[in-house]
Amino acid sequence: MPKVSVIAAVLVAVGLLASGAHSIQKVSRSGRYLYTADGSRFYIRGIAYQEQGAVSTNANNPFEEPDSFIDPLANGTACERDLTYLQQLDINTIRVYSVDSTLNHDACMNAFSNANIYTIIDLSLPVNGSINRDTPSWTTNLLDQYINTINVFSKYDNVLAYNVGNEVVIAANETSTAAFVKAAARDTRAYLASVSSSALVGYAAIDGVSDWVAPLANYLSCDPSNTNSDATAIDIFGLNNYEWCGDATASVYDNTNGEFAGYNVAAYFSEFGCVTSPPRLWTEVQALFSSPMTNIWSGGIAFSYFPATSSAGEFGIVNITANGSVATTADFTRLVTQYGEISPPNSPSQSSAGSSSYPACPQQNSTFLASTTIPSTPNDAACSCLENELSCQFTPQTSNTSTIIGNLINEACGLLAAQGGNCNDIASNGSTGVYGRVSGCNPSVELSYIMSEFYEATNRNAQSCSFGGNATINSKAPSGVSASAAASSCLSNPSATFTPSAPSTTPSSSSGSGSGSGSSGSGSKSAGARLSSNHQVLLGIVLAGLCSIAGGVLTLL
């Protein structure tokens, strides 16, 4: 080889090493199966990788979920420490429940990619960064948070999927919440396509009663337009499944397999590893990675690498000692053995996997309430326009607005009702498919809107724009323009769907709630609930921000 060519080759190699480039294969979906770029069937052989944060003891948190999080992909030293043990497990995927988009993740992501380890990243965050399972909405602040995270991770080649929610729906009477999850999937999917990302869009579900879990899975992968379109569908459905306890037999999965036998997109166990019949033998691994389950499922995620506490018991297969080193447990050793013995079939071939299809959506009934009319795409520009034109604006005296915004919405709605008004414009109903024209805006904009309506209903009495010193008259608002008129002007097409763009500014805090660190919970209820989704003014404590559905600690019903 000529000297110049040798030098060029060396320079290229050095450049590749410096940039962290490597040869991890792209994973894509064909029909209901996953494949690597060489056409081999891909099975998720993984483990949950999220250190648990501080657990809230609030009475409204029955699932004992953390209310803060520790970003496990922002500590390169810890990732290098853990990589040895992840490789001993022979895993190819980690699931991460909460990440901070303001931090740097290069060291961890490049180390894992070089080790051929993919990541499944949940986009939600604890407390105010998730779809509220009780009183849901899909708003600009949530969409912007999701996009900021995607933008940070889009440069890495080992992002397998982004989850738009974890255990948001946990009971039949909450299935209307699925409409908001589907809207999140639609907008996340559209944004990923706009930035040429091949990452899959996923959701992780609690393993509840089949009469609503199966319809939920079908709803998230269906096409409301009946045109076989994938526009609102997820690519991969995760089931947090803990049916196998102790040393069971494959028959424990018979009903679950039957429910998903004809599913149209990829499915996997997004959590597994029951602790109620110790010790954990992990013998379910052999069933999950063998036929007939491999005809239906594409692997699973063992829960969990780090210690985790829940109402069901203690999880985790390693302990981190006081000096920061890793101490493995018997659970770790047994999982190493079980993962080391699997050899799943490399079938069907990608060419015979079939094309993707998106069937009609499940019909509403007594155990599945979600409408096929889902919320529109939250519009940052329109909501900013509205905020600027409102006569009375929310100007909180505290930076931790999540502690006051719910009570203030409740107060403003009650006062407006006394003047003959209502809060319909900020209400959302995933069952009827009716969404107020302002319901997609940031909760602070919604509050300013209701404050302005009350202020105007009282002939713009200055005292009506006080709310305990948390509101201020907007001197720059157009003279004589009502809140309703501003909404009509700025939100001229409130039901529009479109490809969202990146927010104009990046938030200084990843959660927007003032909590900077700690692990996420699987789906908690915060101290308040958002405005109820019907079209009456309802009293009670209301939290317009969104509560924790981010998920890292198992919820067992």
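Check the entry above for the structure.
The structure displayed is predicted, hence computed values, not measured ones. (Residues numbered from 1 in each chain as written. Predicted model: local features only at pLDDT ≥ 70, side-chain atom pairs only at ≥ 80, totals over all residues. Heavy atoms only, no water.)

A. View of the nonpolar core. Within the largest apolar cluster, 94 residues are counted, with the highest numbers of intra-cluster contacts made by Leu73, Leu86, Ile94, Phe112, Phe153 and Phe237. What phenylalanine 153 contacts, discounting residues up to four positions off in sequence, is Leu73, Val99, His105, Met109, Ile121, Val159 and Tyr162. Membership of the second largest hydrophobic core comes to 32 residues, among which are Phe394, Ala412, Ile426 and Tyr455. (Core = buried A, V, L, I, M, F, W, Y, C linked by side-chain atoms within 4.5 Å. Buried < 20%, exposed > 50% of the residue type's maximum accessible area, 1.4 Å probe, protein only. Contact = heavy atoms within 4.5 Å.)

B. Up close: empty space enclosed by the protein. Evaluation of the coordinates by the stated rule reveals 2 cavities of 30 Å³ or more. As a volume, the second largest cavity reaches approximately 40 Å³. Lining the second largest cavity are Trp244, Cys245, Gly246, Gly273, Cys274, Arg280, Leu281, Trp282 and Glu284. For the lining of the second largest cavity, the per-class residue count stands at 5 nonpolar, 2 polar and 2 charged. (1 Å grid on protein atoms, 1.4 Å probe; cavity = no way out; pocket = protein on both sides within 12 Å on 5 of 7 lines; lining within 4 Å. Points joined across faces, edges and corners; volume = space filled by probe spheres on them. Nonpolar A, V, L, I, M, F, W, Y, C, P; charged D, E, K, R; others polar.)

C. The arrangement of the side chain of threonine 119 in detail. As for its placement among the helices and strands, threonine 119 is situated in strand 6 (residues 118-122). Taking relative accessible area as the criterion, threonine 119 reaches 0% and is therefore assigned buried. When near neighbours in sequence (up to four residues on either side) are disregarded, threonine 119 contacts Ile94, Met109, Asn158, Val159, Leu160 and Ala161. (Helix = DSSP H or I, 4+ residues; strand = E, 2+ residues; numbered from the N terminus.)

D. Local environment of the side chain of aspartate 223. Tracing the sequence through the fold places aspartate 223 in the loop between helix 6 (210-220) and strand 9 (236-240). No salt bridge is formed by the buried aspartate 223. Its closest oppositely charged neighbour is lysine 182, at 7.1 Å. A distance of 3.0 Å separates the side chain of aspartate 223 from the backbone nitrogen of serine 229, its partner in a polar contact. Other than its neighbours up to four places away in sequence, aspartate 223 contacts Asn228, Ser229, Tyr358, Pro359, Ala360 and Cys361. (Lys, Arg positive; Asp, Glu negative; His and termini not counted. Salt bridge = Lys/Arg side-chain N within 4 Å of Asp/Glu carboxyl O. Polar contact = N/O pair within 3.5 Å; in protein donor to acceptor, adjacent residues only side chain to side chain.)

E. Just the pattern of salt bridges, in detail. Across all of its chains, the model carries 13 salt bridges by this definition. Residue arginine 95 pairs with glutamate 271 through a salt bridge whose shortest N-O separation is 3.7 Å. Linking arginine 95 in strand 5 (residues 93-96) with glutamate 271 in strand 10 (residues 266-272), this pair joins segments that are 176 residues apart in sequence. Notably, a salt bridge pairs arginine 334 with aspartate 331, separated by 2.9 Å at the nearest N-O pair. A residue pair is termed a helical-turn pair when its members lie 3 or 4 positions apart in one helix, as arginine 334 and aspartate 331 do in helix 9 (residues 330-340) at 3 residues. A relative accessible area of 24% means that arginine 334 is categorised as partly exposed. Judged by relative accessible area, which is 13%, aspartate 331 ranks as buried. Bridged by salt links that share partners, the residues Arg29, Arg189, Asp230 and Asp235 form one connected network.

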